[in-house]
Amino acid sequence: MRRTRNWIVAIAAVGVLGGAGLVGVGMMRDNSASSPLGTFSDAANAAPAPASTGSARVRAQAAPAPTGPSAAQLAAQERAKRVKALDAALKKYAAGAPEFSVAVLDRRTGQRYAFRGSEKYETASVVKVQVLACLLLKAQDAGRDLTATELSLAKRMIRLSDNDATTSLFAKLGRASGLGACNKRLGLTQTKVNSAWGLTRTTVNDQVRLLSELVDTTGPLDAGSRQVAYTLMSTVDDSQDWGVPAVARSGEKFTVKNGWLARSTENYRWIINSVGRVTGPGTDISIAVLSHDNGTMSGGITSVQKVAKLTRQHLKY
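Residues numbered from 1 in each chain as written. Predicted model: local features only at pLDDT ≥ 70, side-chain atom pairs only at ≥ 80, totals over all residues. Heavy atoms only, no water.

Per an unreviewed UniProt entry, the protein chain carries the name Beta-lactamase class A catalytic domain-containing protein and comes from Paractinoplanes abujensis.

Draft legend 1. Spatial organisation of the packing of aromatic side chains. Applying the stated criterion to the full structure yields three aromatic pairs. Pairing Tyr-93 with Phe-100 gives two aromatic rings, centres 5.9 Å apart and planes at 45 degrees, and the pair type is tilted. Exposure remark for Tyr-93: the relative accessible area of 23% places this residue in the partly exposed category. Residue classification places Phe-100 among the buried residues on the basis of a relative accessible area of 1%. Both rings, one in Phe-100 and one in Phe-115, keep their centres 5.5 Å apart while their planes meet at 25 degrees; by these two values the pair is stacked. Here the residue Phe-100 occupies a position in strand 1 (residues 100-106), and Phe-115 occupies one in strand 2 (residues 112-115), the gap between them amounting to 15 residues. Each member of the pair, Phe-100 as well as Phe-115, carries the same accessibility label: buried. One aromatic cluster is present, formed by Tyr-93, Phe-100 and Phe-115 through successive ring pairs. The lysine or arginine in question, Arg-116, covers the ring of Phe-100, its NZ or CZ lying 5.5 Å from the ring centre. (Phe/Tyr/Trp six-rings, centres within 6.5 Å; stacked < 30°, edge-to-face > 60°. Buried < 20%, exposed > 50% of the residue type's maximum accessible area, 1.4 Å probe, protein only. Helix = DSSP H or I, 4+ residues; strand = E, 2+ residues; numbered from the N terminus. Lys NZ or Arg CZ within 6 Å of the ring centre and 35° of its normal.)

Draft legend 2. The arrangement of the side chain of Gln-130 in detail. Summarising the element assignment, Gln-130 is placed in helix 5 (residues 127-141). Residue classification places Gln-130 among the buried residues on the basis of a relative accessible area of 0%. One polar contact links Gln-130 to Asn-183, side chain to side chain, over a distance of 3.2 Å. When neighbours within four sequence positions are excluded, Gln-130 is seen to be in contact with Thr-123, Leu-179, Asn-183, Leu-188, Thr-191, Thr-200, Gln-207 and Leu-210. (Polar contact = N/O pair within 3.5 Å; in protein donor to acceptor, adjacent residues only side chain to side chain. Contact = heavy atoms within 4.5 Å.)

Draft legend 3. Examining the state of the cysteines more closely. In total, this model carries one disulfide according to the counting rule given. The side chain of Cys-134 participates in a disulfide bridge whose partner is Cys-182; the two sulfur atoms lie 2.1 Å from each other. On the sign convention where negative means left-handed, the S-S torsion of about -100 degrees between Cys-134 and Cys-182 marks this disulfide as left-handed. You can see Cys-134 sitting in helix 5 and its partner Cys-182 sitting in helix 8 (residues 175-185), a full 48 residues away along the chain. (Disulfide = S-S within 2.5 Å.)

And the structure:
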C-alpha cells in the first residue's frame, strides 16, 4: 500500500512538472497553425472575455469624458483673431498715411495692444499730462494740496493747453532733470525729457502707462491727486475735444490731452498726438495715438481719429 502511494506521488509530480514544461515551450513558439498553445501575442490580440456588469460600470466611470476648448482658451483664440485683424487694418492704413503709432490698454482685463509701440515721437503738448502728474506728486511729497497758483496754472495748462502756464510749472519742477526723475516714479522708461518741454520724446507704450498711473489706486498718486487729474482732463475746452473722444459712444465719458505742433525741422509738417481714456458700462480703455509728418493740422486730426476708431472696431471694447 505504501509502494502504491509512492508511485502515485511520483506520477503526479511528473505531471505537474511536465505541464509546466509544456506551458514554457508554448510561450516560446511562433503563433503558427501547428502550435496548439497560445502565445503572448495571441493573448494580446484575443477578444476580451465578456465582463460583468459591475466591471463595465467601472470602466465607463474611469474613461475620461471628451472635452473641447475651455472658455479661457476660446477667449484667447477670439482675442488673437481680433488682434490679427487690427494689425492688418492698421498696416493697410499706414501704407498711405503719415507715420503713426497707437496703443490701447483695457483696464478691465489688463490686455494691451500696441502698433509700433516702441517708436519714439515728440510729444508736443501731451507732455503736459506728465507735468501735471509730477506737480501732483511734488505736492503729495510735501504733504499738501496744490496751491491756488499751482491749481490755476494746471487748469490753464490742461484745459486750454496754455504754453506759458506749462513753462512756469516745468521750471517749478526742476525742468528736464526734475521731470525725468519724476518719470521714474511713474514707470516711464521710454520717455526722454527735453529742456524744450514740447520736444520731449516718448512712445505710445509709455503714454498708456502714464494714463494708467493717473487712475491706479495702488499707484503713486493718492485719491485727491487722481481726482484733480480726472477733473481737468475731462473738462478740456470744446475746441480741444478731438482725438480720443471720437471713440466714445453715447453715454460714455472721456478724458483727453492733445498735442499739435508744426515742426520747423520737418518743413513745418504737423505733429498730431492724442492721449486719453474712454469709460462707461463695461468699458475702461486708455488710448494713445502719436503721429508726425502730417500735411495739415486738420488732416492729422482726421488720421489720429481714424486710427483710434480702428482699434475699437476690431478689438470690440
